[in-house]
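Descriptive structure summary
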Amino acid sequence: MFSLATTRRMMLARRNYYYSSSFHTAVGKRKTSSSSSFSALNNNNENNVVVLVEDDDYDDDARRESSSSSSSSNNNTNNNGHIVLVDGMSFLFRAFYGFQARSDATKLINSKGEDVGVLHAYAHAMCALLESKPSHFAVCFDSKGKTFRHEMFVDYKANRPPTPEALIALIPKVSELVEAMAIETVKVSGVEADDIIGTLATRSVTEKGFKVSIASPDKDFCQLLNENVRMLRPGGGGQFSAFTLREFAKTHEELIQPEQFVDFLALVGDSSDNVPGVEGVGPKTARKLLNKYANVDAILEAAKNGEDEFEKMGTKKVREALKSEKGQKSAQLSRKLVEIRTKLSAPDVNGDLDAFRVTTPDDYGRKAMDCFERYELPSAADRWKAIHNIIL
């Protein structure tokens, strides 16, 4: 059990955290509007807890799937599921750097002198997503070391600073916490979490007819958006925002489609991953080109053969870059680097999707409670128990 002093200190730090943290999650009450298949999130500070809000239709589907018997769970004709796929490392990075920026007075220190702020934030983020009542849930992690993209381009992500040792030390603790919370985790050697999520999202829609929520701030996932797949993006003001086809269209002035986003990134590049793109091509020009031509291949062909068309579009200089050997190779390489794989062959992402079903733990939460007590996370413990209707 936690001491009264420890509990009070944790609750005070928790209150301060939710009002000021840059690890953005939603704060609010449940919303009953069903104006769209993916509802937005709202903000109400008096509740002082992270809450992810869904509309009634979405929740009803999830409940029906969750209540299905095990004998019918393998029936691929079931259309009522909702799977949440979490980009595990992105949440860890946001929590880590959010707490790094905090003063010592507002950090979460347990009675053992351990800074448990990141674990506290991570646990509550997972609870927020679980409270949306998905039928299936998985946290996907990057594998350690180089990936197949490094084999294509040795400088892939080479511009990034080394990962802080303090953050690296948190990875096994976060993994332990997530697994203790009865959440399935997925990691594939030599593969990034993006590709794991891409494969699981595609399978969930095509094989099960599920709705998919990808919890991540990573813009690369825009290429996966469709009527069945949305993103939940942490943003300003302490809340998640649902990013759907509608938000994508507004962002890109209705000039390109989500399936063209991989071509968009191939042209403009991605400085965060050190993806070169094509020199001289910015977002405005890329959207203009993709509004006329279907993809990078069509643009490169037009650059070689369609000088008049490029001049009419005011992109004569861009044409020179795109028809050059350097520009052609850079565009083609960049596209391969930014494309999320959706058909991985690894066994870990090709098993029964019902392995990710949200269920009451076999031990009725004992492992989770041991973990919460070890790190002294009382509010997360109470919240997690409520999700699973566990009384201990």
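Refer to the structure above for everything that follows.
Here the structure is a predicted model, which means the values were calculated and not measured. (Residues numbered from 1 in each chain as written. Predicted model: local features only at pLDDT ≥ 70, side-chain atom pairs only at ≥ 80, totals over all residues. Heavy atoms only, no water.)

Here we look at the overall build of the protein
Heads up, the rule is: Runs of E in the DSSP output that reach at least two residues are strands. Runs of H or I that reach at least four are helices, and both are numbered from the N terminus. Burial classes: relative accessible area under 20% of the type maximum marks a residue as buried, over 50% as exposed, and values in between as partly exposed (1.4 Å probe, protein chains only). Contact criterion: two residues are considered in contact whenever any of their non-hydrogen atoms come within 4.5 Å of each other. Here the open area of atoms and residues is found with the Shrake-Rupley method and a 1.4 Å probe, where only the protein chains shown may cover a residue.
Helix and strand content of the protein: 16 helices and six strands. Buried positions account for 52% of the 392 residues belonging to the protein. Excluding contacts between residues fewer than 6 apart, the proportion of contacts in the protein whose partners are at least 24 apart in sequence is 71%. Carbon and sulfur atoms make up 49% of the accessible area of the protein, which amounts to about 17,900 Å² in all.

Let's talk about the nonpolar core
Basically, it comes down to this: Here, nonpolar core refers to any group of buried Ala, Val, Leu, Ile, Met, Phe, Trp, Tyr and Cys residues whose side-chain atoms link them within 4.5 Å.
In terms of nonpolar packing, the biggest core is built from 59 residues, with I196, L200, L267 and L322 touching the most fellow members. Not counting residues within four places of it along the chain, the set of residues in contact with I196 comprises C140, F141, V186, K187, V188, V191, L344 and V349. V86, L119, F137 and F372 belong to the second largest nonpolar core, which has 45 residues in total.

Quick notes on the pairing of strand β4 (residues 211-215)
What counts here: Strands are labelled as partners when DSSP assigns at least two bridges between them.
Burial of β4 is extensive: four of the five residues sit out of reach of the surface. Here five bridges tie strand β1 (residues 82-87) to β4, and the two strands are oriented parallel to one another. The residue bridging V84 from the neighbouring strand is S213, located in β4.

Describing the packing of aromatic side chains
What counts, and what does not: Here is the rule: rings of Phe, Tyr and Trp (six-membered ring for Trp) pair when centre to centre is within 6.5 Å. Planes less than 30 degrees apart are stacked, more than 60 are edge-to-face, and the remainder are tilted.
The tally for this structure, following the rule as stated, stands at six aromatic pairs. Judged by centre distance (6.2 Å) and plane angle (25 degrees), the rings of F93 and Y97 are stacked. Here the residue F93 and the residue Y97 both occupy positions in helix α3 (residues 88-100), the gap between them amounting to four residues, near one helical turn. Classification of F93 as partly exposed rests on a relative accessible area of 29%.

Some thoughts on unusual backbone geometry
The backbone of E253 sits at a positive phi, close to 55 degrees, despite the residue not being glycine. With respect to the secondary-structure elements, E253 resides in the loop between α8 (245-251) and α9 (261-268). In this structure, Y364 is a non-glycine residue whose phi angle is positive, near 55 degrees. For Y364, the location among the structural elements is in the loop between α14 (325-338) and α15 (366-375).

A short note on the pattern of salt bridges
Applied cut-off: Salt bridges are counted wherever a side-chain nitrogen of Lys or Arg sits within 4 Å of a carboxyl oxygen of Asp or Glu.
Going through the model one piece at a time under the given rule, you end up with 22 salt bridges. When the shortest N-O distance is used, the salt bridge between D273 and R160 registers 2.5 Å. Taken together, the positions of D273 in the loop between α9 and α10 (283-292) and R160 in the loop between α5 (148-152) and α6 (165-180) put the pair 113 residues apart, joining distant regions of the chain. On the accessibility criterion, D273 (7% relative accessible area) is buried. Among the residues examined, R160 registers a relative accessible area of 43% and is labelled partly exposed. A salt bridge links R319 to E320, with the shortest nitrogen-to-oxygen separation between them at 3.3 Å. What makes R319 buried here is its relative accessible area of 6%. Accessibility expressed as a relative area gives 38% for E320, which makes it partly exposed.

Some thoughts on helix α13 (residues 316-323)
Rule in force here: Throughout, the arc means that of the directions going from the helix axis to the C-beta atoms.
Residues of α13 that are buried include every one of V318, R319, A321 and L322, and no others. Along the axis of α13, the buried positions cluster into a sector of 165 degrees, meaning they face one direction only.

Brief notes about the packing of α9 against α14
Definition in use: Only the stretch in contact is used when a helix axis is fitted, and all axes are lines through C-alpha atoms; the angle between N-to-C directions ranges over 0 to 180 degrees. When an angle is under 35 degrees it counts as roughly parallel; over 145 it counts as roughly antiparallel; between 65 and 115 it counts as roughly perpendicular; any other value is oblique. For any pair of crossing helices, the crossing counts as left-handed if the nearer helix is rotated counterclockwise from the farther one by less than a right angle, and right-handed if it is rotated clockwise. The classification used treats Ala, Val, Leu, Ile, Met, Phe, Trp, Tyr, Cys and Pro as nonpolar, Asp, Glu, Lys and Arg as charged, and all other residues, Gly among them, as polar.
α14 packs onto α9 with a crossing angle of 130 degrees between their chain directions and a minimal axis gap of 8 Å. Between α9 and α14, the crossing angle belongs to the class labelled oblique. Classified by chirality, the crossing of α14 by α9 is right-handed. In contact with V262, D263, L265 and A266 of α9, α14 contributes A331, S334, R335 and V338. Counted by class, the contact of α9 with α14 contains five nonpolar, one polar and two charged residues.

Digging into the environment of T163
By the secondary structure assignment, T163 is in the loop between α5 and α6. Sequence separation between T163 and F93 is 70 residues, and the spatial gap between their C-alpha atoms is 9.6 Å.

What about the pairing of β1?
For β1, the buried fraction is high: six of the six residues fall into the buried class. The two faces of β1 match: H82, V84 and V86 on one face and I83, L85 and D87 on the other face are all buried. In the sheet, β1 pairs with strand β2 (residues 136-140) via five bridges, with the strands oriented parallel. Directly across from L85, in β2, lies its bridge partner A138.

Quick look at helix α4 (residues 117-130)
Put simply, the rule is: Between the first and last residue of a helix there are one fewer steps than residues, each counted as 1.5 Å, and that sum is the expected span.
With 14 residues, α4 ought to run about 20 Å at 1.5 Å a step, and its terminal C-alpha atoms sit 20 Å apart, in line with that. Of all 14 residues in α4, 14 are buried; the element is thus mostly enclosed.

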